[in-house]
Amino acid sequence: MIEPSKSAPASGRHASAAAAEHRLDWRQILKWLQADGWLDAAQVARVESRFGSGDSSQHALVRLGSADLLRADNGKVIDVEMLTEWLAGRLKMGYVRIDPLKVDVGRVADVMSAHYAEARRCLPLQVTLTEVVVATAEPLMAGWVAQIESHLRRSVRLVLANPTDIARYTTEFYTLARSVRAAIKNGEVSQTASFEQLVELGRSNRQLDANDQGVVQVVDWLWQYAFDQRASDIHLEPRRDLGVIRFRIDGVLHTVYQLPPAVLAAMTSRIKLLGRMDVVEKRRPLDGRIKTRNPAGEEVEMRLSTLPTAFGEKMVMRIFDPDTALKDLSQLGFGAHEAERWQALMARPHGIVLVTGPTGSGKTSTLYATLKRLATDEINVCTVEDPIEMIEPSFNQTQVQAALDLGFAEGLRALMRQDPDVIMVGEIRDLQTAEMAIQAALTGHLVFSTLHTNDSVSAIARLMDLGVPSYLISATVIGVLAQRLVRTLCPKCKQPDPSLTRETLEAVNKHWRMHGAVQAYQPVGCLDCRHTGYRGRAGLFELLTLDERLAQLVHPAGDLPSIRRQALQQGLRPLRLAGAMKVAEGLTTLDEVLRCTPSWEG
């Protein structure tokens, strides 16, 4: 590992750079900004008067980025990121906005030490067989490059990055690397300079302790990192020669970090310990939960699940948005049409309301937000769940426990004696649970539950498949909400989609009586969305309300096409149409809608 040196070699093509190298000076940058037409003489004079003749330890770009400068050509505020990108172009070098998910953190510390990186305000980002990509905040200081090239026997490519990001990630990445090394050291594994060798040597007969300080720090970093990156799930996956950490962000998995299997196993044990799970039991699946705080100080619920695999325990942590229960229907993605009909169902005194969709389609968020509004001082809301997704103080929540013969049906039977007004059953999986839900609805309770079906109408067929008589379905089921989550376009980089003409979109608008501007966009990709073109997700909803006319069509023959046609005549908007409306509003793309939704025929 390269350590700081006062006499770093400066031979070859880097000799001239080393001889003239110096840190960026805010006065020089001001002159360049004026020469390029970004600042006028008045702004330059104002900044010079404000800063005076003294120097500052603050980086020149950071100092100017906080000086409230406005571009003379377009009036935009000049921030640090804009200055960095402009300076990279002026110096004819690459510009990068650091994406921590694309940095091989394990190899950062193999290129140079933390002290070396901090002294030169640089940070290694990528290491290949022939090249090392290093982000720098001091492009005029390149004398150290030859030393790194000589040590690693690879060429170094410098790119300019935001100095604030470099300072932040230098601290985070090297702290993580030290924690991993400390964990390995405690496991009696010798340190080496190659991350691949660490993976090999990580196979130790001695189990790492879940309470080792290195392991504790890595787990703490993992959670804070996941919250910062807006992850919905964290995957800890043991492989043959290494452990892999992946985050699911906006529905897509990203590999975050690779580390020795011994460290991953210790991390899993640490998390199981905090989740009050059986640390010793590794042969069967386990469930647990943890409540912690995100960087903003908000309480965050995490649901834990382990699964034995060929190479050890795989763990998935599902992170729940702390504001889920506080979101209104529009924030969940409901349009005005569906929101009005859904609120009408919420006001009904009794009946069964089903929410359908695959795993990860947002059913839990919809149910919790709905129940939160129903749980007033006058209403007793009781739930039976497997597992309890989020702890909500205004509900009375019961956890299914198969080992104690407390399933959904048994829990629902017990809830009937608790004087409930509104009941939520986590899922209707069998005839016994369905019968108990129907009994609750027939005795004057409003029951919410979930099913796994492709669309709303298919939920009726699903109940029939479970053995529920059609006359009981028509007598108790008052509504079925099918939903999906689609990725929404990144607001910073989306561009109009020329393939969808305005005439086509206006025809959709006229046919379905949509309101507001009609404009379709396509994904482009930028640094904010990690070049995916998408940032965040929104719900698509298909709400079937069963009135007397539809109830008459529910019979043993199960004529679903007739029910679907009648529902469409009565205002049902299929999932794909809900998606088309989001496309016309400029929120998502047609390809994303087609990927996530079934055809109109179900």
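As annotated in an unreviewed UniProt entry, the protein carries the name GspE/PulE family protein and comes from Roseateles rivi. One UniProt comment on the protein, placed under Sequence similarities (unreviewed entry), says "Belongs to the GSP E family."

Draft legend 1. Examining the sheet that holds strand E8 (residues 286-293) more closely. Across the sheet, which stays open at both edges, the 6 strands sit in the order E7-E6-E5-E10-E9-E8 with antiparallel pairing between neighbours. In this open sheet, the two strands that pair with only one neighbour each are strand E7 (252-259) and E8. Averaged over all neighbouring strand pairs, the angle between strand axes comes to 20°, with direction disregarded. Bridging between E8 and strand E9 (residues 299-309) involves 8 bridges; their strand directions are antiparallel. Each residue of the ladder has a partner; that of Arg-293, found in E9, is Glu-299.

Draft legend 2. Broad picture of the pairing of strand E19 (residues 534-545). Of all 12 residues making up E19, 9 are buried, and the element is well covered by its neighbours. As paired strands, strand E16 (residues 477-489) and E19 are joined by 10 bridges and run antiparallel to one another. Following the sheet pairing, Leu-481 is matched in E19 by Leu-543.

Draft legend 3. Seen up close, the pattern of salt bridges. Under the criterion given, the structure shown has 28 salt bridges. When salt bridges with common partners are traced through the structure, they connect Arg-289, Lys-291, Arg-293, Glu-299 and Glu-301 into a single cluster.

Draft legend 4. Highlighting the nonpolar core. If you look at the biggest cluster of nonpolar residues, it comprises 70 residues, and the most contacted ones within it are Ile-234, Ile-245 and Phe-247. Excluding residues within four positions of it along the chain, Ile-245 makes contact with Leu-222, Ile-234, His-235, Leu-236, His-254, Thr-255, Val-256, Tyr-257, Leu-259, Leu-264 and Met-267. In terms of nonpolar packing, the next biggest core, distinct from the first, is built from 40 residues, Cys-382, Leu-412, Ala-441 and Ile-473 among them.

Draft legend 5. Quick peek at the packing of helix H2 (residues 26-35) against helix H5 (residues 80-90). The geometry of H2 relative to H5 is characterised by a closest axis approach of 12 Å and an angle of 80° between their N-to-C directions. In terms of axis orientation, H2 runs roughly perpendicular to H5. Across from Ile-29, Trp-32, Leu-33 and Ala-35 in H2, the residues of H5 making contact are Leu-83, Trp-86, Leu-87 and Arg-90. Residues belonging to the contact of H2 with H5 are distributed by class as follows: 7 nonpolar, no polar and 1 charged.

Draft legend 6. Seen up close, the sheet that holds strand E15 (residues 446-451). One open sheet holds the 7 strands; their spatial order is E13-E12-E14-E15-E11-E16-E19, and the pairing between them is mixed. If you trace the sheet from one side to the other, it starts and ends with strand E13 (396-399) and E19, each paired once. Taken over all neighbouring pairs, the strand axes of this sheet differ in orientation by 20° on average, direction set aside. With 4 bridges connecting them, strand E14 (residues 422-425) and E15 associate as parallel partners. From the neighbouring strand, Ile-423 faces E15, where its bridge partner is Val-447. Seen against the sheet, helix H15 (residues 363-374) touches strand E11 (351-356), strand E12 (381-385), E13, E14, E15, E16 and E19 and runs at an angle of roughly 170° to E15. Sheet contacts for helix H16 (residues 408-415): E12, E13 and E14; angle to E12, the most-contacted strand, approximately 165°.

Draft legend 7. Expanded view of the side chain of Ser-458. Considering the arrangement of structural elements, one finds Ser-458 in helix H18 (residues 458-466). For Ser-458, a relative accessible area of 16% puts it in the buried group. In this structure the side chain of Ser-458 is engaged in a polar contact, spanning 2.5 Å, whose partner is the side chain of Asp-455. Setting aside residues up to four positions removed in sequence, Ser-458 forms contacts with Thr-453 and Arg-564.

Draft legend 8. Structural view of the packing of aromatic side chains. Enumeration according to the criterion identifies 10 aromatic pairs in this entry. Relative to Phe-173, the ring of Tyr-169 lies with its centre 5.3 Å away and its plane at 20°, an arrangement referred to as stacked. In this pair, Tyr-169 and Phe-173 are both assigned in helix H9 (residues 163-186), 4 residues apart and thus about one turn of the helix distant. Pair check on accessibility: Tyr-169 and Phe-173 agree, each one buried.

Draft legend 9. Focus on helix H14 (residues 336-346). Within H14, burial applies to Glu-338, Ala-339, Arg-341, Trp-342, Leu-345 and Met-346. Contacts from the buried residues of H14 go to helix H13 (329-332), E11, H15, E15, E16 and E19.

Draft legend 10. Focus on unusual backbone geometry. One non-glycine residue, Arg-230, adopts positive backbone phi at about 65°. Here the phi dihedral of Asp-250 falls at roughly 55°; this positive angle occurs in a residue that is not glycine. Tracing the sequence through the fold places Asp-250 in the loop between strand E6 (243-249) and E7.

Draft legend 11. Highlighting the confidence of the model for the protein. Residues of the protein with pLDDT of at least 70 account for 87%, and the chain-wide mean is 84. Considering each helix and strand of the protein separately, the mean pLDDT is smallest for helix H10 (residues 195-201), with a value of 31, and largest for E11, with 96. Here residues 5-19 is modelled with pLDDT under 50, and outside its nearest four sequence neighbours on either side it reaches 17 contacts, counting other chains as well. The model gives residues 188-208 a pLDDT under 50, and that stretch makes 40 contacts with residues more than four places away or in other chains.

Calculation rules
Residues numbered from 1 in each chain as written. Predicted model: local features only at pLDDT ≥ 70, side-chain atom pairs only at ≥ 80, totals over all residues. Heavy atoms only, no water. UniProt positions renumbered as here; feature names shortened; annotations may be inferred. Pairing = 2+ DSSP bridges. Helix = DSSP H or I, 4+ residues; strand = E, 2+ residues; numbered from the N terminus. Axes fitted to C-alpha atoms, helices over the stretch in contact; angles between N-to-C directions. Buried < 20%, exposed > 50% of the residue type's maximum accessible area, 1.4 Å probe, protein only. Salt bridge = Lys/Arg side-chain N within 4 Å of Asp/Glu carboxyl O. Core = buried A, V, L, I, M, F, W, Y, C linked by side-chain atoms within 4.5 Å. Contact = heavy atoms within 4.5 Å. Parallel < 35°, antiparallel > 145°, perpendicular 65-115°, else oblique. Nonpolar A, V, L, I, M, F, W, Y, C, P; charged D, E, K, R; others polar. Polar contact = N/O pair within 3.5 Å; in protein donor to acceptor, adjacent residues only side chain to side chain. Phe/Tyr/Trp six-rings, centres within 6.5 Å; stacked < 30°, edge-to-face > 60°. pLDDT = per-residue confidence, 0-100.

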